[in-house]
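# Structural overview for review
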Amino acid sequence: MASLPTIKQLRYLIALSETLSFTKAAEICFVGQSTLSAGLKELEDTLGVQLVERDKHSVSVTPIGRGVVERAQRLIVQADDLVDFVEGSAGSMVGVIKLGVIPTIAPFLLPTLLPKMREQFPKLKVVLREDLSANLIDKLNRHELDFALIALPYDTEGFLTKTLFDDEFWVVGSKDDPALKNKEVQLTNSLTDRILLLEEGNCLRDHTVRACKRSAVSNQYGIEATSLLTLVQMVESDLGIALLPEMAVKSGLLNQTKLIAKPLAAPAPKRQIALIARPSTARIEEFNALVKVMKTE
């Protein structure tokens, strides 16, 4: 019987096709560059074709290599499904759960969530991946994650989606800002003109624009933040104001600053925190358990 490629070799090829860098691919696969190179050479020898073109300046995947990558990705998904099936058969609430979380949720919810999970389910290990919603969705589809914790509205068609709780937006600005003098703040056009945003690709940016009921929100400096911490620093530098999720405000994000936060007048715009999974997930009991724990937060 002819030799067959190994799952490890196929993972090496997929990582290289995504990064076009032996160094980066080795980092993704948690191996040395020499190990990755040797594994790819063995794969080429096994298949009898050249999969990768390489020289001192560039790396590319050959046409037949791209076809192998597509088929390898399907094989990896099936292999992961097999592992999920076996782990599920061993009993619920044991093994490893790969959970993706967006950056505007992770630092505010996980510090209380993870200890509760460890206390209630000591045999269940939660491995985290922080990334943007689009990337988490992609990793779910590729079976690189079991579940993802994201904010709605967001397109989750085709996924099992459980809404956990609402997270209203608060206005953050200087304590001397006249717009923040009242107990609640009206979201007027003059106010939205001053709102600072996160960069493109972050769903909180889209939620902010939607909350302002505008097709776009811009500021006179034309700059955008890469994180909520940077956004707070920009507000503290008097570049504008910001809409922050209530969970971020109440977690103490504004501590050590001179800023204040005020709730918006009803009906206040909000996002919804949700847990999503593939409908075919073999870890449905773990999914439901996570939902139950998170709803108590």
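Refer to the structure presented above.
The structure presented is a predicted model; accordingly, all values stated were derived computationally and were not measured.

Before going further, it helps to examine the overall build of the protein chain. Looking only at helices and strands, the protein chain has 11 helices and 9 strands in total. The principal-axis extents of the C-alpha atoms in the protein chain amount to approximately 80 × 50 × 35 Å. For the protein chain, buried positions account for 45% of its 297 residues. The contacts in the protein chain between residues at least 6 apart in sequence include a share of 73% that link residues at least 24 apart. When the accessible surface of the protein chain is split by element, carbon and sulfur atoms take 52% of a total near 15900 Å². The protein chain carries 35 positive and 37 negative side-chain charges, and their two centres are separated by 3 Å.

Here helix 5 (residues 106–120) contains 15 residues, and its C-alpha end-to-end distance of 20 Å stays within 8% of the 21 Å for a straight helix at 1.5 Å per residue. Within helix 5, the axis deviates most sharply at Thr-112, by approximately 25 degrees, and proline Pro-115 lies no more than four positions further along. Looking only at helix 5, the buried set comprises Ala-106, Phe-108, Leu-109, Leu-110, Leu-113, Leu-114 and Met-117.

What follows deals with the nonpolar core. In terms of nonpolar packing, the biggest core is built from 73 residues, with Leu-149, Leu-228, Leu-244 and Leu-275 touching the most fellow members. Looking at which element gives the most residues to this core, the answer is helix 5, with 7 residues. Judged by nonpolar contacts, the second largest core, of 20 residues, contains Ile-14, Ala-15, Leu-16 and Val-52.

So, on to the packing of aromatic side chains. Applying the stated criterion across every chain yields a total of 1 aromatic pair. Ring centres of Phe-147 and Phe-287 lie 5.4 Å apart, and the angle between their planes is 65 degrees; this geometry places the pair in the edge-to-face category. Highlighted residues: Phe-147 in strand 5 (residues 147–152) and Phe-287 in helix 11 (residues 284–295), separated in sequence by 140 residues. Here Phe-287 falls in the buried class, since its relative accessible area comes to 0%.

The next subject is the environment of Lys-295. Note on placement: Lys-295 falls in helix 11. Counting along the chain gives 246 residues from Lys-295 to Val-49, while the straight-line C-alpha distance between them is 52 Å. The residues touching Lys-295, leaving out its near neighbours within four places in the chain, are Thr-163 and Leu-164.

Moving on, we come to the pairing of strand 4 (residues 124–130). Here 7 bridges tie strand 3 (residues 95–101) to strand 4, and the two strands are oriented parallel to one another. Each residue of the ladder has a partner; that of Lys-98, found in strand 4, is Val-127. As a crossover connection, the stretch from strand 3 through helix 5 into strand 4 is right-handed.

On to unusual backbone geometry. Backbone phi values are negative for most residues with the exception of glycine, while trans is the configuration of most peptide bonds. Residue Pro-153 is bonded to the preceding Leu-152 through a cis peptide linkage, with omega at 10 degrees. Here Pro-153 shows up in the loop between strand 5 and strand 6 (160–174). Omega for the peptide link from Ala-266 to Pro-267 comes to -5 degrees, which places this bond in the cis form. Residue placement: Pro-267 occurs in the loop between strand 8 (259–263) and strand 9 (270–277). Phi at Phe-30 takes a positive value of approximately 60 degrees, unusual for a residue other than glycine. Of note, Phe-30 is situated in the loop between helix 2 (22–29) and helix 3 (33–47). Owing to a relative accessible area of 77%, Phe-30 belongs among the exposed residues under this scheme.

Rules behind the numbers
Residues numbered from 1 in each chain as written. Predicted model: local features only at pLDDT ≥ 70, side-chain atom pairs only at ≥ 80, totals over all residues. Heavy atoms only, no water. Helix = DSSP H or I, 4+ residues; strand = E, 2+ residues; numbered from the N terminus. Buried < 20%, exposed > 50% of the residue type's maximum accessible area, 1.4 Å probe, protein only. Contact = heavy atoms within 4.5 Å. Areas by Shrake-Rupley, 256 points an atom, 1.4 Å probe, with all protein chains shown as cover. Lys, Arg positive; Asp, Glu negative; His and termini not counted. Charge placed at Lys NZ, Arg CZ, Asp CG, Glu CD. Expected span 1.5 Å × (residues − 1). Bend = angle between axes of the 7 residues up to and from the residue. Core = buried A, V, L, I, M, F, W, Y, C linked by side-chain atoms within 4.5 Å. Phe/Tyr/Trp six-rings, centres within 6.5 Å; stacked < 30°, edge-to-face > 60°. Pairing = 2+ DSSP bridges. Right-handed = clockwise from strand over helix to strand, strands pointing away.

So far we have only geometry, and geometry alone does not tell us how the molecule works.
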